[in-house]
Number of protein chains: 2
Amino acid sequence: MERIRPEDIDRARALIDAGDYAALDALLEPLHSADVADILGELEIDQQRVCLKRLGTERAAEVLTELDSKSGQALLQLLSDREVVDLIEELPSDDAADLISNLPAAKTERIEALLPSEDRDDIHELLEFGPETAGGLMQVEHVWVHEDATIQDAIDFVRRMAEEVENPQRVYVVNANEQLVGVLSIMDLVLKAPDIRVRDVMERNVVSVPVDMDQEQVAALFSRYDEFSMPVVDAEQRLVGRITVDDIIDVMEEEATEDISHIAGTSDEEFGETSFVRVSGIRLPWLIMGFVGEMVGAFVMSRYQASIATFVVLAFFIPLIVATAGNHGMQAAIVAVREIALGQASLVHVGRRILKEMQVAFLNSVVLGLLLFSFVYLWRHDTALGVLLWGSLTLTILVASLIGAAVPLLLHRWRVDPAVATGPFITVSNDVIGMAIYLTLATAYLKSH
Amino acid sequence: MERIRPEDIDRARALIDAGDYAALDALLEPLHSADVADILGELEIDQQRVCLKRLGTERAAEVLTELDSKSGQALLQLLSDREVVDLIEELPSDDAADLISNLPAAKTERIEALLPSEDRDDIHELLEFGPETAGGLMQVEHVWVHEDATIQDAIDFVRRMAEEVENPQRVYVVNANEQLVGVLSIMDLVLKAPDIRVRDVMERNVVSVPVDMDQEQVAALFSRYDEFSMPVVDAEQRLVGRITVDDIIDVMEEEATEDISHIAGTSDEEFGETSFVRVSGIRLPWLIMGFVGEMVGAFVMSRYQASIATFVVLAFFIPLIVATAGNHGMQAAIVAVREIALGQASLVHVGRRILKEMQVAFLNSVVLGLLLFSFVYLWRHDTALGVLLWGSLTLTILVASLIGAAVPLLLHRWRVDPAVATGPFITVSNDVIGMAIYLTLATAYLKSH
C-alpha cells in the first residue's frame, strides 16, 4: 500500500483547483482512508468537499471517521441532510453514533428523521450509554447464531451479514433467551463439517464484557486475555453488541494521554486544541493551584526571616532541598499511579508498597546526603552546615516519598482517579513541607549556638 | 468464563497439599490461562510445578507465556530438558524465542539440540532481530498461498495449518518470488466460490511492516490503520512473518510506561523490581543529575549574596519563581513528547508548535503575574517589589516554556528519544535559569536605588 508524501497534499490541491478529477481519483484510489483523511486535513473546506464527493459514499464515510472531530463537523455542515444520511448509513453503529453526537441539535433531529427506523433505534440505544463505558464503545452489529443451528446455518447467516458486519472475528452463540452461551471462530466455519450442530463444537468459555463496564477496565480485559474482539452483554447476560480491538487501542492511547497530561498539570483536552487561549485556560487552574501553594511557601519562609538574615548561606540551599523533595515525591507518585493503571497495584499490598518506597528513600538520602555534605564541606569548609543539610535532606526525602507513594494509593482506594494527585499537587505540597523542615532545623541549630 | 477470586488461590494451595488432583483439575479447567498464571504466581515453586503438570502440555505452555519472566525462568529450571522441549514445541515461534532467550546459556544449548531442526531454525532467525523491532515481535507462523491458487487450495492449506497458526486473521498472497502481493480475509474463504483464483479476488492494497521497523512505529501503524494483524516483509518485499494486535497492546503499555518513567526520572525497569536497592540504583542517576544542577544553582545564588542579605524578602520568592519555571517547562515538554509519541508532531510544524507554546506562556504570565503582584502588594505594600516579581516571572515563564517545547522537538529531529529530556533535566535547567533571571533583575533594581 502506498503511503502519503508531503507532495501528495500539494498535488491534491492542484488537481482540485484544476478540476482534473480523473487524476485526483487516481491519486486517492490506492491510499488507505486514514491517509486520505490526512490529506483532507490540510485542504480548504471547499476542497475537502470536492474530495469527499469524488470518493463515493462508502469510502467517504470511512474517511469521515478518520478525520478529527472538528474538521468532520465543519465538513458535515456543508453537506445536505440527504448526503449526511447516506454517509451515516454506510457506517457501523458505533461510528454513526459518534458522528451524530457531534452534530448541532437541529441537524441531528432532521438527520434522525430521515434514517430508517432500525438504524435510528440502534443509534439511540448507543447514545444512551456513557461514552467511556463498554456500551459507548461497542457496535450493535455482530454475527450470532442459535445454539441449535448447524455450521451451514451459521455460514448462511454470516453470508447475509457480510455487508453489515466489518471484520467479524467470531460468531457468538445464544440460547432461546438471547443469552450468550458460546462462541465459534470464523475458522470453525471453514474447518468443521456443515451439518454439525453449533452447540456441539462451540467454545463454552467466553470472556464477555458487561455493558456498563468502564472503558479502562475493558481495555485491561483485552490486554489480559489477548482477545481481538469481545461480546458485550447486559445484566441478564443477553448479547447486545461487540467491541473490537481497534477501538481498544484508541482507548489505551486516550488513557495514557490522560495520565501523562495529569502529571504535567494539564488535561488531554489540550491535544489537538489549536486556540492558545483555550490551552492556557486548561493549564491555568493547575498552575494557579501550584502558585497559591508557593505563595503559602513564601509566607512560611517569612517566618524564618531572622535566621536567613543572620546566615544568608541558608537561602542558597532552599531550591536544592525543595527540588529534591519534588523529585522524590514525583517518582514515588508516578510509579504508584502507573502501577495502578496497569492493574499491578494490589490494594492489599499498600503497606508493602509504601515500605519499599521508604527503603528506597532512605538509601537515596544516604547517597545524596553524602554528596551534599562533601560539596558543602569543600565549598564552605563548614561541617555544621553540612550536617544540618544532610539531616534536613534525609527528613525531607523520607516525608516527600511517603506522601508521594501514599496519596495515589489512598485516592485509588477511595475511588478517586489517582492521576490527578501526581502533578502540581504533590510537587507543591512537598515543596512547602521540605522548606519548612529545612528552615525549622536550621533555626533550631542557630538558636542552640 | 469464570474469573478468579482470592479464595481460589487458597483453595488451589489446599488441594495441592492434600493431593486432591481431580478437584484441582476441576478448579483450573474453566479458567483462562492468564488467570491460571495469576494463581500460579501466588504459589510456592513446588506447588507451581504440580499445577503445571496437571494442566497438560498445551495448556501448560500457554500458562508459561502468561507468567512474568522471573517466575517462568524459576519454574523452567525445575523441569527436565525433555519437558521444556515439549512445552516449547507447543508455542508459537515468538513466544518460544522469548522463553528460550530467558534461559541460562547451558540449558539453552541442551534444549536447542533436542528441538526439531525446523523449529530451531525459526527460533534462531527470530533471536537475531532486535527485541524492539518488528522482527522481534513477529511470529514466523502465518497462512499464505500463491496468487495462482484457488480459494479451495487456500482452504485446504488453512486446514493443514490450523494446528500451527493461532487465530489466523488473513491469508497472505505471494508471487513466484515469495513477495507479498495481496491478502484475503478468512471470511473470503467462507464467502467466495471455491474454484475462483486467489489473484482475482485478493485485496491488492496491503499494509506491510518492514522487518527492521522499530516497535513504536509498528504500533503507530496498527493504530492508524485499525488492523488486527499485519504481514512482515524483508528488504526484498518477501513475506517473513506476521504480527498480531495482542502483541501490539503489550508494546503500547510498555512504551507508555517507558515515557511516564522518564518523566518521573526513572526507568520502566523498576516496574516489577522487588529489590529496593536496585530501584534506588535505577533512580539515583537521574536524581544525582538534578542534584548537581541544584548545586550549581546554590553556587549561582551565592553570587547574589549581597542583594539577598540587604533585602531578605527576595529569598521568600525564590521557590515560587523556581517552581513556576519548572511547571511551565514540564507542561511544554510533556505535551511535546506526548504529541511525538502519538505521531501528531510534524517536524515541519516545529516553529508553529513553539509559537503556540510562547503565546500560552505569555497569557499565563499575565494572569499569574497579576496574581503575584496583588499578593505582594496586599502582603508587603511594596509596589516596586511587585513589579520586579511580575517582570521576573514573565521572563522566567517565557524562557522555561521555550526550553520545554524546543528541547524535545529538537531531540526528536536529531533522532534521540525526547522522553529522556522531560524529567529532571528540563526541571533543573529551568530552575537554575529562573533563579538567575530573578536575582539578576533584583540586583539591577537594588543597584539603581
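Here the structure is a predicted model, which is why all the values come from computation and not from measurement.

1. Quick look at the overall build of chain A
Part 1 of the argument: Along its length, chain A carries 23 helices and six strands.
Part 2 of the argument: Once the C-alpha set of chain A is aligned to its principal axes, its extents read approximately 95 × 60 × 40 Å.
Part 3 of the argument: Buried positions account for 44% of the 449 residues belonging to chain A.
Part 4 of the argument: For chain A, long-range pairs separated by at least 24 residues make up 69% of all intrachain contacts whose partners lie at least 6 apart in sequence.

2. Considering helix H17 (residues 276–302) of chain A
Part 1 of the argument: With 27 residues, H17 of chain A extends 36 Å from end C-alpha to end C-alpha; this agrees with the ideal 39 Å at 1.5 Å per step.
Part 2 of the argument: Of all the positions in H17 of chain A, only Val279, Ser280, Arg283, Trp286, Leu287, Gly290, Phe291, Gly293, Glu294, Gly297, Ala298 and Met301 of chain A are classed as buried.

3. Description of the relation of the copies chain B and chain A
Part 1 of the argument: Laying chain B over chain A is done by rotating through 180° and shifting 0.1 Å along the axis; what remains is an RMSD of 0.4 Å. When the rotation and shift are considered jointly, the pair of chain copies conforms to a two-fold rotation axis.
Part 2 of the argument: Taken as a fraction of all interface residues of chain B, those also at the interface in chain A reach 100%, which identifies the copy contact as same-surface.

4. Thoughts on the interface of chain B and chain A
How big an interface is tends to be stated in terms of the accessible area lost upon association of its parts.
Part 1 of the argument: Taken together, the contact between chain B and chain A spans 88 residues of the former and 88 residues of the latter.
Part 2 of the argument: Element by element, the count of residues in the side of chain B that touches chain A is highest for helix H17 (residues 276–302) of chain B, at 16 residues.
Part 3 of the argument: Of the residues in the side of chain B that touches chain A, the class split is 59 nonpolar, 16 polar and 13 charged.

5. Some remarks on the sheet that holds strand E1 (residues 144–146) of chain B
Residues and elements named next belong to chain B.
Part 1 of the argument: The strand order across the open sheet built from three strands is E1-E2-E3, with neighbouring strands paired in mixed fashion. Edge positions in the sheet fall to E1 and strand E3 (180–185), since each has one partner strand and no second. With strand direction ignored, the average angle separating the axes of adjacent strands in the sheet is 30°.
Part 2 of the argument: Two strands pair when backbone bridges link them, and strand E2 (residues 170–174) and E3 are joined in this way by five bridges, in the antiparallel orientation. In the sheet register, Val173 faces E3, and the bridge partner there is Gly182.

6. Brief notes about the domain arrangement of chain A
Part 1 of the argument: Domain boundaries assigned for chain A yield domain 1 (6–137), domain 2 (144–244) and domain 3 (268–447).
Part 2 of the argument: Summarising the inter-unit geometry, the C-alpha centres of domain 1 of chain A and domain 3 of chain A are found 49 Å apart.

7. Brief notes about helix H8 (residues 93–101) of chain A
Part 1 of the argument: Every buried residue belonging to H8 of chain A is among Ser93, Asp94, Ala96, Ala97, Leu99 and Ile100 of chain A, and all of these are buried.
Part 2 of the argument: Looking at the buried residues of H8 of chain A, the elements they touch are helix H5 (57–66), helix H7 (81–90), helix H9 (105–114), helix H10 (117–128) and helix H11 (134–137) of chain A.

About the criteria used
- Residues numbered from 1 in each chain as written.
- Chains lettered and ligands numbered in written order.
- Predicted model: local features only at pLDDT ≥ 70, side-chain atom pairs only at ≥ 80, totals over all residues.
- Helix = DSSP H or I, 4+ residues; strand = E, 2+ residues; numbered from the N terminus.
- Buried ≥ 20, exposed ≤ 12 C-beta atoms within 10 Å, placed from the backbone.
- Contact = placed C-beta atoms within 7 Å.
- Expected span 1.5 Å × (residues − 1).
- Least-squares fit on C-alpha atoms with pLDDT ≥ 70 in both.
- Nonpolar A, V, L, I, M, F, W, Y, C, P; charged D, E, K, R; others polar.
- Pairing = 2+ DSSP bridges.
- Axes fitted to C-alpha atoms, helices over the stretch in contact; angles between N-to-C directions.
- Domains from an automatic or database assignment.

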